Amino acid sequence: MIDAKNHLRKLPSIDSCLAHPKAEACLDTYPRQWMVSALRVVIDQMRAELLQGEMAPLSRSELTALAILRACTSLREQARGIQPVINATGVILHTNLGRAVLPKVVIDALASIAGGYSNLEFDLTTGKRGSRQVHVEKALLELTGAEAALVVNNNAAAVFLCINALANGKEVIVSRGEQVEIGGSFRIPDVIRQSGAKLVEVGTTNITYLSDYADSITETSAVLLKVHRSNFRLVGFTASVDPRELAALGRSRGLVTMEDLGSGSLIDLPELGQVREPTVRESIASGMDLVTFSGDKLLGGPQAGIIVGRRHLVEKLARNPLARIVRIDKLSLAALAALLRLYLEPRHLVKTVPALQMLAMTESEIEARAKELASLLTAATLGKGDVKIIDAEDQVGGGALPGISVAGKAVAFRPNHGSSDELQARLRLVAGQYPGRHVLPVVAPLEGGQLIFHVRTLISGQELEIAKTLAVLMEGTSP
Ligand SMILES: *Cc1c(COP(=O)(O)O)cnc(C)c1O
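Heads up: these notes are all about the structure in this document. Everything quoted here is computed from the prediction, not taken from an experiment.

Examining the sheet that holds strand E17 (residues 446–447)
1) Next: Ordered in space as E2-E14-E15-E18-E17, the 5 strands form an open sheet in which the pairing is mixed. Lying at the two open borders of the sheet, with one neighbouring strand each, are strand E2 (91–93) and E17.
2) Next: Across 11 bridges, strand E14 (residues 385–397) lies against strand E15 (residues 405–415) in antiparallel orientation. Considered in E15, the bridge of Asp-386 is made with Arg-414.

In structure tokens form, the structure reads like this:
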């Protein structure tokens, strides 16, 4: 006990830790107040450990260094904050990594709106209140052939708003083959229930005929809903109803027809080859009353939900109180407006929209990038691991184009010492470990005990960043 008391006296104060040179790097990275709270917790914990005899006797300077180390570690773990990362997964629209990378002109437009006031809801002609929707409406109508458009926070909100505004207390008829769960708890049946409508399922998992819809219509039916199978494929003995037939049925029975396209696509780009999603224009031309899709999937823009369709229905949506709740923010709107401009002059689209450019990359471009990365990695790791170029399967991601992978290339790295698992974790955590050095976390998958760096999703210049980061991590290990 006397011994413990003796040790307790050596515990540093928070102030002495803060003043210590070892705390400097951490104080450069995090607010002082966070460091103070972290030190308080850590020193309390060390006091308890000393009392329980769980810690070997240490000098005051050792205890100070330990307190600072523990406090910085806990801050690094809890307070990483949102930050850029390098995506070496080969998944282009990686939902967990922020989906679409925005084009440069879109970022410029966004920045100019973010840093000042704008005519967001102000009509410069009349000097009176205006609608934020006008900034994207004209382009959307031109690009889709629809009568009216409304953009909201995301596509999940778009579907929710449509069902609530048009079918609250009524029935929504959906095929059993289209009861999709998108992920992040967006399930079509739940969304329909939550929006106050009653789900009527028709057909079977693999087969739904037009007569299945027709036979289920009652006087409380309001909407015939078609949902794009965004993240799975139905193969084998299957049948589903063509949007044109469903639209005709809706018209003849006085029901609204709606298609949730998920990713959707505004134009057919021959450069994308097999990667083809139905276009919004096709869906509108098939006679669907309303079509919804995302801004940050194959469109390659900001998070947004886009609704296009018949004017009287879109007006009804706009008047619904939910429209205010799910409205799009000004930054996403500015970004979407700038993106749609690019679509209006599609000649350079594939070169300017990163999501499309990544998809359209030719085999020789991919190969050149893989060679560059491989030679940079070889130079940076000084024989401390095995570097080789391998074939890889890249993915579109974002719930677009299920089952379709795009042939790509990757650079595989196997360290001579230490495990690849550990190296993978250190690549993710590297930014916090070297505060002050400008390094980005690298997210790369493991396969057969090797780290795999897919090159398709790297942004120009990141090959060198990966090499530099790997060099830092391999410092001190022997060849
Ligand atoms: C992705 C997707 C959604 C949700 O879109 P968000 O923009 O992510 O909210 C809804 N429906 C389908 C069919 C989808 O693929």
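And the narrative resumes.
Quick word on the pattern of salt bridges
Opposite charge on two side chains permits pairing when their charged atoms draw close.
1) Next: Evaluated as defined, the whole model comprises 18 salt bridges.
2) Next: Here Arg-129 makes a salt bridge to Glu-121, at a shortest N to O gap of 3.2 Å.
3) Next: Put simply, Asp-391 and Lys-409 hold a salt bridge, and the shortest N to O gap is 2.4 Å. Residue Asp-391 is located in strand E14, and its partner Lys-409 is located in strand E15; the two are separated by 18 residues in the primary sequence.
4) Next: For Asp-391, a relative accessible area of 61% puts it in the exposed group.
5) Next: A single network of salt bridges, built from pairs that share partners, joins Glu-121, Arg-129, Arg-132 and Arg-327.

A few points about the sheet that holds strand E11 (residues 256–262)
1) Next: A sheet is described by the order of its strands in space; here 7 strands give the open sequence E5-E13-E12-E11-E10-E6-E9, paired in mixed fashion. The sheet terminates laterally at strand E5 (148–152) and strand E9 (198–202), the two strands that pair on one side only. With strand direction ignored, the average angle separating the axes of adjacent strands in the sheet is 25°.
2) Next: Pairing geometry for strand E10 (residues 221–227) and E11, over 5 bridges, is parallel. Looking at the pairing, Leu-225 lines up with Met-258 of E11.
3) Next: The strands touched by helix H7 (residues 134–144) within the sheet are E5 and strand E13 (305–309), with E5 carrying the most contacts at an inclination of about 120°.
4) Next: In the packing of helix H11 (residues 243–253) onto the sheet, the strands contacted are E10 and E11, and the crossing angle to E10 comes to about 175°.

Concerning the packing of helix H8 (residues 155–167) against helix H13 (residues 311–319)
1) Next: Two elements in contact, H8 and H13, have axes whose closest approach is 9 Å; the angle formed by their N-to-C orientations is 100°. Here H8 lies roughly perpendicular to H13, going by the angle between them. Here Leu-161, Cys-162, Ala-165 and Leu-166 of H8 come into contact with H13, specifically with Leu-313, Lys-316 and Leu-317.
2) Next: In the contact of H8 with H13, the residues fall into 6 nonpolar, no polar and 1 charged.

Analysis parameters
- Residues numbered from 1 in each chain as written.
- Predicted model: local features only at pLDDT ≥ 70, side-chain atom pairs only at ≥ 80, totals over all residues.
- Heavy atoms only, no water.
- Pairing = 2+ DSSP bridges.
- Helix = DSSP H or I, 4+ residues; strand = E, 2+ residues; numbered from the N terminus.
- Salt bridge = Lys/Arg side-chain N within 4 Å of Asp/Glu carboxyl O.
- Buried < 20%, exposed > 50% of the residue type's maximum accessible area, 1.4 Å probe, protein only.
- Axes fitted to C-alpha atoms, helices over the stretch in contact; angles between N-to-C directions.
- Contact = heavy atoms within 4.5 Å.
- Parallel < 35°, antiparallel > 145°, perpendicular 65-115°, else oblique.
- Nonpolar A, V, L, I, M, F, W, Y, C, P; charged D, E, K, R; others polar.

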